[in-house]
Amino acid sequence: MRITLHKSLLCTAAVVMVFPLASLAQQTKADFEARIGMESHIGHVTGHAKSAQYDYRRYCVGCHGDRGDGMGENFPWVDPKPRDFQLGIFKCRSTPTGTLPTDQDLSDTIGRGLDRSNMPPWNVFTDQQKADLVAWVKHFSPRFASEKPGTPIQIPAEPEVTADRIKAGREVFARVQCWKCHGVTGEANGPSASTLQDDLGRPIAAFNFTEGSRPKCGSSDQDLYRIFMTGLDGTPMPSFADNIKPDEAWDLVFYLRTLMSEPSKEKAIAKQLGLKPVDTNAPAQPSGQQ
Amino acid sequence: MKNLQKLAAVLMAVMVVLCGALLLTHEVSAASEGKISGTVKYEGTPPHMRGIDMSKDPYCAKANASTSPHMENVVVGSGGGLENVVLYISEGLSGAALSQPATNVPVFDQKNCEYTPHVLAMDVGQTFKVTTSDQTAHNIHPNPNPMTGNIPWNQSQPPGAPPVEKSWKAPEMIEVKCNIHPWMHGWFAVVKGPYATTDANGNYTISNVPPGNYTVTAWQETLGTQTAKVTVSGAAPAKADFTFKGK
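Residues numbered from 1 in each chain as written. Chains lettered and ligands numbered in written order. Predicted model: local features only at pLDDT ≥ 70, side-chain atom pairs only at ≥ 80, totals over all residues. Heavy atoms only, no water.

## Describing the environment of Asn-208 of chain A
All names here are of chain A.
At step 1: Note that Asn-208 resides in the loop between α9 (179-182) and α10 (221-230).
At step 2: On the basis of relative accessibility, which here comes to 15%, the residue Asn-208 falls in the buried class.
At step 3: Taking the C-alpha atoms as reference points, Asn-208 and Gly-43, 165 residues apart in sequence, are found 34 Å from one another.
At step 4: If we ignore the near neighbours within four places in the chain, the residues touching Asn-208 are Gly-186, Glu-187, Ala-188 and Ser-213. (Helix = DSSP H or I, 4+ residues; strand = E, 2+ residues; numbered from the N terminus. Buried < 20%, exposed > 50% of the residue type's maximum accessible area, 1.4 Å probe, protein only. Contact = heavy atoms within 4.5 Å.)

## Re the sheet that holds strand β3 (residues 107-111) of chain B
Residues and elements named next belong to chain B.
At step 1: Here four strands make up an open sheet; going across it, the order is β4-β3-β6-β9 and the pairing mixed. One side of each edge strand has no neighbouring strand; the edge strands of this open sheet are β4 (114-116) and β9 (164-166). Adjacent strand axes in the sheet meet at a mean angle of 20°, parallel and antiparallel pairs treated alike. (Pairing = 2+ DSSP bridges. Axes fitted to C-alpha atoms, helices over the stretch in contact; angles between N-to-C directions.)

## Some details on the state of the cysteines
At step 1: Throughout the structure, instances matching the rule amount to two disulfides over all chains.
At step 2: Covalent S-S linkage joins Cys-92 of chain A and Cys-217 of chain A, the inter-sulfur distance amounting to 2.0 Å. Taking the sign of the torsion about the S-S bond as the criterion, the disulfide between Cys-92 of chain A and Cys-217 of chain A, at about -75°, is left-handed. Within this pair, whereas Cys-92 of chain A is found in the loop between α4 (53-64) and α5 (103-112), its partner Cys-217 of chain A is found in the loop between α9 and α10, the two being separated by 125 residues in sequence.
At step 3: For Cys-60 of chain B, the disulfide goes to Cys-113 of chain B, at an S-S distance of 2.0 Å. What sets the handedness of the Cys-60 of chain B and Cys-113 of chain B disulfide is the S-S torsion sign, and at about -75° it is left-handed. With Cys-60 of chain B in helix α2 (residues 58-63) and Cys-113 of chain B in the loop between β3 and β4, this residue pair connects regions lying 53 residues apart in the sequence. Across the pair, exposure class does not vary: Cys-60 of chain B and Cys-113 of chain B are buried alike.
At step 4: With no disulfide of its own, Cys-181 of chain A has Cys-178 of chain B as its nearest cysteine by sulfur position, at a separation of 8.4 Å.
At step 5: There is no disulfide at Cys-178 of chain B, and the cysteine sulfur nearest it, in Cys-113 of chain B, is 8.1 Å away. (Disulfide = S-S within 2.5 Å.)

## Describing α10 of chain A
Residue and element names in this part refer to chain A.
At step 1: α10 sits mainly inside the fold: eight of its ten residues count as buried.
At step 2: Residues Asp-221, Asp-223, Leu-224, Tyr-225, Ile-227, Phe-228, Met-229 and Thr-230 constitute the buried set of α10.
At step 3: Two residues or fewer past α10, Gly-231 is found with a positive phi of approximately 75°.

## Quick look at the pattern of salt bridges
When their charged atoms lie close together, side chains carrying opposite charge are able to pair.
Residue and element names in this part refer to chain A.
At step 1: The tally for this structure, following the rule as stated, stands at 17 salt bridges over all chains.
At step 2: Arg-93 is the partner of Asp-233 in a salt bridge, and the nearest nitrogen-oxygen pair spans 3.5 Å. Here Asp-233, found in the loop between α10 and α11 (246-259), pairs with Arg-93, found in the loop between α4 and α5; they are 140 residues apart in sequence, far enough to count as distant.
At step 3: Several salt bridges converge on common partners, so that one network encompasses Arg-165, Asp-247 and Asp-251. (Salt bridge = Lys/Arg side-chain N within 4 Å of Asp/Glu carboxyl O.)

## Observations regarding unusual backbone geometry
At step 1: The omega torsion of the bond from Asp-79 of chain A to Pro-80 of chain A falls at 0°, within 30 degrees of zero and hence cis.
At step 2: Relative to the helices and strands, Pro-80 of chain A resides in the loop between α4 and α5.
At step 3: In this model, Thr-116 of chain B is joined to Pro-117 of chain B through a cis peptide bond whose omega is -5°.
At step 4: Secondary-structure assignment places Pro-117 of chain B in the loop between β4 and β5 (119-123).
At step 5: Unusually for a residue other than glycine, Arg-116 of chain A sits at a positive phi of about 55°.
At step 6: Tracing the backbone through its elements, the reader meets Arg-116 of chain A in the loop between α5 and α6 (127-139).
At step 7: For Arg-116 of chain A, a relative accessible area of 36% corresponds to the partly exposed category.
At step 8: For Ala-188 of chain A, which is not glycine, the phi torsion reads 60° and is therefore positive.

## Side note on the packing of aromatic side chains
At step 1: Enumeration over the complete set of coordinates arrives at 22 aromatic pairs over all chains.
At step 2: Judged by centre distance (5.5 Å) and plane angle (50°), the ring pair of Tyr-56 of chain A and Phe-140 of chain A falls under tilted. Placement of the pair is Tyr-56 of chain A in helix α4 and Phe-140 of chain A in the loop between α6 and α7 (143-146), with a sequence separation of 84 residues. A single burial state applies to Tyr-56 of chain A and to Phe-140 of chain A, both of which are buried.
At step 3: Geometrically, the ring pair formed by Phe-85 of chain A and Phe-90 of chain A is stacked, given 6.4 Å between the ring centres and 20° between the ring planes.
At step 4: A relative accessible area of 8% places Phe-90 of chain A in the buried class.
At step 5: Taken together, the ring pairs connect Phe-32, Tyr-56, Phe-85, Phe-90, Trp-136, Phe-140 and Phe-144 of chain A into an aromatic cluster.
At step 6: The aromatic ring of Trp-153 of chain B is capped on one face by Lys-166 of chain B, whose charged end is 4.8 Å from the ring centroid. (Phe/Tyr/Trp six-rings, centres within 6.5 Å; stacked < 30°, edge-to-face > 60°. Lys NZ or Arg CZ within 6 Å of the ring centre and 35° of its normal.)

## Remarks on helix α8 (residues 163-175) of chain A
Residue and element names in this part refer to chain A.
At step 1: Spanning 13 residues, α8 covers 19 Å between terminal C-alpha atoms, matching the ideal 18 Å at 1.5 Å per step.
At step 2: Buried residues in α8 make contact with α9, α11 and α12 (265-273).
At step 3: Gln-177 lies just past α8 and shows a positive phi near 65°. (Expected span 1.5 Å × (residues − 1).)

## Structural notes on the nonpolar core
One recurring pattern in soluble globular proteins is that nonpolar side chains are buried together.
Residue and element names in this part refer to chain A.
At step 1: Counting 57 residues, the largest nonpolar core has Tyr-56, Phe-173, Phe-228 and Ile-244 as the members making the most contacts within it.
At step 2: Those elements that place two or more of their residues in this core are α4, α5, α6, α8, α10 and α11.
At step 3: It is α11 that contributes the most residues to this core, eight residues altogether.
At step 4: Counting contributing residues, this core receives three or more from each of domain 1 (33-146) and domain 2 (163-273). (Core = buried A, V, L, I, M, F, W, Y, C linked by side-chain atoms within 4.5 Å. Domains from an automatic or database assignment.)

## Things to note about the sheet that holds strand β10 (residues 172-177) of chain B
Residue and element names in this part refer to chain B.
At step 1: In space, the five strands of this open sheet follow the order β5-β11-β10-β7-β8, with mixed pairing throughout. The sheet terminates laterally at β5 and β8 (155-157), the two strands that pair on one side only. Across the sheet, the axes of successive neighbouring strands diverge by a mean angle of 25°, strand direction being ignored.
At step 2: With six bridges joining them, β10 and strand β11 (residues 185-191) adopt antiparallel strand pairing. Each residue of the ladder has a partner; that of Glu-172, found in β11, is Val-190.

Structure representation (structure tokens):
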């Protein structure tokens, strides 16, 4: 009895294991049709993939392509390349590295666009249109049919900016070594900057804090916090969630502001303090020991 | 593309039939004491392994000051033994040997700006640990094919960082990189069932194999795979030696 159960379980497992072979090949029209019922839920709005067909064809297909694989007719002229939605990997997430973004994340991205890329902000759409487009984007990837989005990271209330917090943020920047890629002055010229590649092997630049461009995944203090705690999946930018405590994360956000060109309270304080870029020759401080 | 899908469909049909047949038979083996062992050799002149310039990170350069670090794509020992070859059972496993992932926790350490071991083998679903012994920051960034069910992730490990604990959902040879140190390159070899990795002399032993007839596969990251048939019957380990030929 027990044995038979064992075997039948095993057989199911074996059959299921062969199954992914089918999806190793590119997704087909039939795969998409099977997921056409995909929904999104953003606040009180429910999005339906089906309802986004017209908008996608009109506004998105030129870059992201018929099959959502990023191979639209503009592909050859666009750099960075349009996202391949079939992989289900996204830069801008409130969820941990290696997990799917929430519907809200995708909707925010569509509304915001992605700075330093050809993906424009789509602020002409109603919330319903965006929700429908989110469901449509999701229906291209088998992941959204079988996995739930990750649990969004918690962001505690933002504390008051102080000189001590900015100095502490500078220590975090030094300790976890953001400068390896971003450089000590934030000019994207760290020792590892020139060799960075994305997950598809294409060269990619680290973010330059000093030239006034906006982060792709939002430029509020909360957005900055989220960016380094979740990472930008598909790129070299890693998650620091295990290595920066919530309170320290706010210190780091304040320090990042001092590197940016826009005038800010943080920048003014840093100037008063005469804050210098971090010293990379100082001995490394093990985490949790300041 | 179409062909791949057809292949998958055929494979699935074959699986269903085979499984049906298996369910009808009654032999089953509870104990799993058998072993498969052997040696993997490299025949020919070992390929030149490029040296690594670590000067961009003074910590790494200093840690390797007395050695001359080089790539580890093909590591051949003095007797021609091939290191870092992963051996696993690709056909013939059933029952408990397949359904219970190993319970030990293999460790992948970042040490002197290299991965130790260079290839970490593990079972599907087995928990493994990534640690750092270095006083410089790394980011640990495996890049599986998300269509297999294994999802890429990317985590920083600055000096003193706690271990990262993870597991993988599907069999796959997964490349691991550190974007901060582009020469750092290793593998998570995720297989189904018992496995082994060759030592510096090319020797290996796969333990916990129930008696039966099996196909053993030897996988090497640049030289590819080879297979051999073995029969595990009793106390003495079954033998399977492999030779990878160079150019």
